[in-house]
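# Commentary on secondary and tertiary structure
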Amino acid sequence: GAVVSQHPSRVICKSGTSVKIECRSLDFQATTMFWYRQFPKQSLMLMATSNEGSKATYEQGVEKDKFLINHASLTLSTLTVTSAHPEDSSFYICSAERKYEQYFGPGTRLTVT
Amino acid sequence: QKEVEQNSGPLSVPEGAIASLNCTYSDRGSQSFFWYRQYSGKSPELIMFIYSNGDKEDGRFTAQLNKASQYVSLLIRDSQPSDSATYLCAVTFSGGYNKLIFGAGTRLAVHP
């Protein structure tokens, strides 16, 4: 149990375009999901906390208008990177909370050219 | 600033030995502590969690927690080459929502 999927696993886009990443909890309902970003050789940095039916809570320094989060159901949260730039290239990982433990999706590698 | 500190390594141990990974944290209000394993290019995988002071064993893994010293460790017995990965210590932030604060990770290399 506690399987979390992400789609797409890898995406390459041009600078200025927007990219949507989906995070799904496949075998449980998750009221809370989290979005992280990981740059090479660095640890995971929490970007935002996504709660079903309410606005996401963003960490300090994360632009909410650039990283749009929608938690439309108990099994789906989406992260949209708007007007992506090369510096947004990173490994984006979501997690879903079940019984106070976080289970991670496989990640999405975003490359902005 | 809530922080979680780990030695970056690499920690190199021979196959069959015990690997000891350490982590300190700054938030005295933290209640839950997790160890994740991350292979290169992959997302983290939960290995163990611990909430109470003392030791918790699961197979070859033992987590140790000392809240007074704000210290948590992970022991891996009978280390195997497949254990070679980066081990991330994560601590819940007492500010709510069970947010996890991650350490930078310790890279473990188990050599045959």
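Everything numeric in this text was worked out from a predicted model, so none of it was measured.

All right, on to the pairing of strand 9 (residues 85-92) of chain B then. All names here are of chain B. With 7 of its 8 residues buried, strand 9 lies for the most part within the structure. Two elements, strand 4 (residues 33-38) and strand 9, share 6 bridges in a ladder whose sense is antiparallel. Paired with Tyr36 across the bridge in strand 9 is Leu88. With 3 bridges connecting them, strand 9 and strand 11 (residues 106-111) associate as antiparallel partners. Within strand 11, the position partnered with Ala85 by the bridge is Leu108. The pairing of strand 9 with strand 10 (residues 100-102) spans 3 bridges and is classified as antiparallel. Looking at strand 10, one finds that Val91 is bridged to Ile101.

So, about the state of the cysteines. Should the sulfur atoms of two cysteines be covalently bonded, the bond is a disulfide. By the definition in use, this model includes 2 disulfides over all chains. Residue Cys23 of chain A pairs covalently with Cys94 of chain A via a disulfide, S to S 2.0 Å. Taking the torsion about the S-S bond as the criterion, the Cys23 of chain A to Cys94 of chain A disulfide, at about 80 degrees, is right-handed. Of this pair, Cys23 of chain A sits in strand 3 (residues 19-25) while Cys94 of chain A sits in strand 9 (residues 90-98); the two residues are 71 residues apart in sequence, bridging distant segments of the chain. Note on cysteine connectivity: Cys23 of chain B is disulfide-linked to Cys89 of chain B, with sulfurs 2.1 Å apart.

This brings us to the pairing of strand 11 (residues 108-112) of chain A. Residue and element names in this part refer to chain A. Burial along strand 11 is one-sided: Thr108, Leu110 and Val112 are buried, and none of Arg109 and Thr111, which face the opposite way, are. Strand direction decides the pairing type here: strand 2 (residues 10-13) and strand 11, joined by 4 bridges, are parallel. Note that in strand 11 the partner of Ile12 across the bridge is Thr111. As judged from the 3 bridges shared by strand 9 and strand 11, these two strands associate in the antiparallel manner. Its bridge partner lying in strand 11, Ser90 is registered against Leu110.

About the thresholds
- Residues numbered from 1 in each chain as written.
- Chains lettered and ligands numbered in written order.
- Predicted model: local features only at pLDDT ≥ 70, side-chain atom pairs only at ≥ 80, totals over all residues.
- Heavy atoms only, no water.
- Buried < 20%, exposed > 50% of the residue type's maximum accessible area, 1.4 Å probe, protein only.
- Helix = DSSP H or I, 4+ residues; strand = E, 2+ residues; numbered from the N terminus.
- Pairing = 2+ DSSP bridges.
- Disulfide = S-S within 2.5 Å.

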